[in-house]
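# Coordinate inspection notes
Here is what each chain is made of, one letter per residue.
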Amino acid sequence: MPTVTQPQHKDGDFFVDYEEKVFEDVKARDGEKALVTFHTVAFEGSIGLVNMLQATRLLRKGYETSILLYGPGVTLGLQRGFPTLGDEAFPGHQNYANQLKKFMAEGGKVYCCRFALQALYGHGEPSLVEGITPINPLDVMDLKLLHMRDNAVIIDTWTL
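Residues numbered from 1 in each chain as written. Predicted model: local features only at pLDDT ≥ 70, side-chain atom pairs only at ≥ 80, totals over all residues. Heavy atoms only, no water.

Running from N to C, helix H1 (residues 47-60) and helix H2 (residues 95-105) cross one another at 10°; their axes reach a closest spacing of 10 Å. On the basis of the axis angle, H1 is roughly parallel to H2. In this structure, H1 uses Gly 48, Leu 49, Met 52, Leu 53, Ala 55, Thr 56, Leu 59 and Arg 60 to contact H2, whose residues at the interface are Asn 95, Tyr 96, Gln 99, Leu 100, Lys 102 and Phe 103. Split into classes, the residues belonging to the contact of H1 with H2 amount to eight nonpolar, four polar and two charged. (Axes fitted to C-alpha atoms, helices over the stretch in contact; angles between N-to-C directions. Helix = DSSP H or I, 4+ residues; strand = E, 2+ residues; numbered from the N terminus. Parallel < 35°, antiparallel > 145°, perpendicular 65-115°, else oblique. Contact = heavy atoms within 4.5 Å. Nonpolar A, V, L, I, M, F, W, Y, C, P; charged D, E, K, R; others polar.)

Strand order across the open sheet formed by five strands is E4-E3-E2-E1-E5, with parallel pairing between neighbours. The open sheet has two free edges, formed respectively by strand E4 (133-135) and strand E5 (153-158), since each of these has just one partner strand. Across the sheet, the axes of successive neighbouring strands diverge by a mean angle of 20°, strand direction being ignored. With six bridges connecting them, strand E1 (residues 33-39) and strand E2 (residues 64-69) associate as parallel partners. When the sheet's bridge partners are listed, Val 36 is paired in E2 with Ile 67. With respect to the sheet, helix H4 (residues 137-149) is in contact with E1, E2, strand E3 (109-113), E4 and E5, its orientation differing from that of E1 by roughly 145°. (Pairing = 2+ DSSP bridges.)

Where nonpolar side chains cluster on the molecular surface, the patch consists of Phe 14, Phe 15, Val 16 and Tyr 18 and spans about 550 Å² of accessible area. Among the secondary structure elements, Phe 15 is positioned in the segment before E1. With relative accessibility at 63%, the residue Phe 15 sits in the exposed group. (Patch = residues over 30% accessible without salt bridge, like charges linked within 9 Å, V, L, I, M, F, W, Y side chains within 5 Å. Areas by Shrake-Rupley, 256 points an atom, 1.4 Å probe, with all protein chains shown as cover. Salt bridge = Lys/Arg side-chain N within 4 Å of Asp/Glu carboxyl O. Buried < 20%, exposed > 50% of the residue type's maximum accessible area, 1.4 Å probe, protein only.)

Bringing the side chain of Thr 65 into the picture now. Among the structural elements, Thr 65 can be located in strand E2. Among the polar contacts listed, one links the side chain of Thr 65 to the backbone nitrogen of Leu 59, at a separation of 3.4 Å. Of the polar contacts made by the side chain of Thr 65, one reaches the backbone oxygen of Tyr 63; its length is 2.9 Å. The contacts of Thr 65, once residues within four sequence positions are left out, are Ala 34, Ala 55, Leu 58, Leu 59, Phe 103, Gly 108 and Lys 109. (Polar contact = N/O pair within 3.5 Å; in protein donor to acceptor, adjacent residues only side chain to side chain.)

Within E1, six of the seven residues are buried, leaving the element largely enclosed by the surrounding structure. Pairing between E1 and E5: six bridges, direction parallel. By the bridge assignment, Thr 37 is partnered in E5 with Asp 156.

Let us look at the pattern of salt bridges. On inspection of all chains with the given rule, the structure shows eight salt bridges. In this structure, the salt-bridge partner of Asp 25 is Lys 61, at a minimum N-O distance of 2.5 Å. One end of the pair, Asp 25, is in the segment before E1; the other, Lys 61, is in the loop between H1 and E2, with 36 residues separating them in the sequence. Between Glu 106 and Arg 60 there is a salt bridge, and its shortest N-O distance comes to 2.7 Å. One end of the pair, Glu 106, is in the loop between H2 and E3; the other, Arg 60, is in helix H1, with 46 residues separating them in the sequence. Salt bridges sharing partners connect three or more residues here, namely Asp 25, Lys 27 and Lys 61.

In structure tokens:
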């Protein structure tokens, strides 16, 4: 049996060259937009949080960035907490709300489909994180079409 002779890794060790960047650091040109759509369930995987981070990065690169929560994606924009709203019942419990609040504080816009909010998930507009704009279900497609018309960067996420 071979023996391992390398010392155990320690906090602060590097595994990869994180400083090398292969591509140019793209920044938005004046007026460029981005849209990130979420059709995923809160706490069912990492894609909701990952795409919130992507949306924030696009915003910081200068894109006029919007998030669309529709279908099960509306669950990302709901107020949570236990035993009361805003309380963190476990580490990471408020990740979605905190990321959305940070995104909106930096100038991003968040839209939420009213149909999915009420008909599918039994919530009303007062259940949304403050700052999220509820929209008519007919606006869901138009929001995407307007971004397509403007040649926006669009990141669509679907999970089932």
